[in-house]
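Here is how the chains run, residue by residue.
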Amino acid sequence: MIQLLTPTHWKDYELIDCGDFEKLERFGNTILIRPEPQAVWNKTLPASEWQRLHHIRFKGRSATTGEWLKKDQKTPDRWHIEYKNKEAAIKFRLGLTSFKHVGIFPEQAVNWDYISQNVKRFKTPEPKVLNLFAYTGGASLIARAAGADTTHVDSIKQVVTWANENQEISGLKDIRWVVEDALKFVKRELKRGKKYNGIILDPPAYGNGPNGEKWKLEDNITEMMRDVTQLLDPEEHFLILNTYSLGFSSVIVENLIKSSFPQVQNLEIGELYLQATAGPKLPLGVFGKFHKIKSN
């Protein structure tokens, strides 16, 4: 059964509307207009309402970069928001980057709930969690806040520094920060005989390691899955694979997981989306996840 999942209780985030390759969204009290390649349909709200509501709009200069246009120059470039569920609460420092990102992918809140629920359910004291392609650390923060011994791996030093800032404003400490190519790190951990109770992967379609290593999702994901599943603690574990690639379906993710980990239990697959207040659903990637809890 393919699931469709969206965050349902995030007060500091709201997708207001989307369409015509844009999205209108609220982060805390700040409302942004950003490009959205998936939003191929028409907007629900009139252009006048988009113009009235937004504080800042991103104007692209190329496929990857652009500039932010403020209606009021007093609107800050940086601000904080919070995410809270039954198990934990975390905070993020958001900021206007030249790549249209602000430091968070809101749909991932669905996966954060899965992480904190499993960390709390585990019989293992202070379970070990590994977050790969970890960006600004939402999954790392929620795992640590729920009580996990957490390792955060990303190839870009600046976003690891950003994640550390998020750790500080969340009142957390002792996340292990690693700036390295994710596949290289996993292979080294295998040689060391390390085991983890939880592993999160949110790989990009394309990427580069700190030493020029090349990552291409369809070329490298099978090898990565084969290796990371060997790092899972056999008695108690969870794994989340999330992909944002137009060519990947949840059935592909299901096949990847089953072929690399035939003993999988409690497998769930599906699609993440954001529900716009105005009506449309915005698809934002596919996922596969599974867990195993000790019986005693």
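Analysis parameters
- Residues numbered from 1 in each chain as written.
- Predicted model: local features only at pLDDT ≥ 70, side-chain atom pairs only at ≥ 80, totals over all residues.
- Heavy atoms only, no water.
- Salt bridge = Lys/Arg side-chain N within 4 Å of Asp/Glu carboxyl O.
- Helix = DSSP H or I, 4+ residues; strand = E, 2+ residues; numbered from the N terminus.
- Pairing = 2+ DSSP bridges.
- Axes fitted to C-alpha atoms, helices over the stretch in contact; angles between N-to-C directions.

J.: Go over the pattern of salt bridges, please, and point to the residues and values.
T.: Under the defined criterion, the tally for this structure stands at 20 salt bridges. Here Glu22 and Lys43 are joined by a salt bridge, their closest N and O atoms 2.8 Å apart. You can see Glu22 sitting in strand 3 (residues 22-27) and its partner Lys43 sitting in the loop between strand 4 (30-35) and helix 1 (47-53), a full 21 residues away along the chain. A salt bridge links Lys187 to Glu223; the nearest nitrogen and oxygen atoms lie 2.9 Å apart. Note that Lys187 is positioned in helix 5 (residues 182-192) and Glu223 in helix 6 (residues 217-231), a separation of 36 residues in sequence. A network of salt bridges, in which partner residues are shared, links Arg176, Glu189, Arg192 and Lys194.

J.: So, the sheet that holds strand 4: which residues are in play, and what are the values?
T.: Note on sheets: strands pair through backbone hydrogen bonds, and any given pair is parallel or antiparallel. The five strands are arranged 2-3-4-5-6 in an open sheet whose pairing can be described as mixed. If you trace the sheet from one side to the other, it starts and ends with strand 2 (13-19) and strand 6 (66-70), each paired once. Ignoring which end each strand starts from, the neighbouring axes of this sheet average 20° apart. Here strand 3 pairs with strand 4 via six bridges, running antiparallel. Opposite Phe27, over in strand 4, you have Thr30 as the bridge partner.

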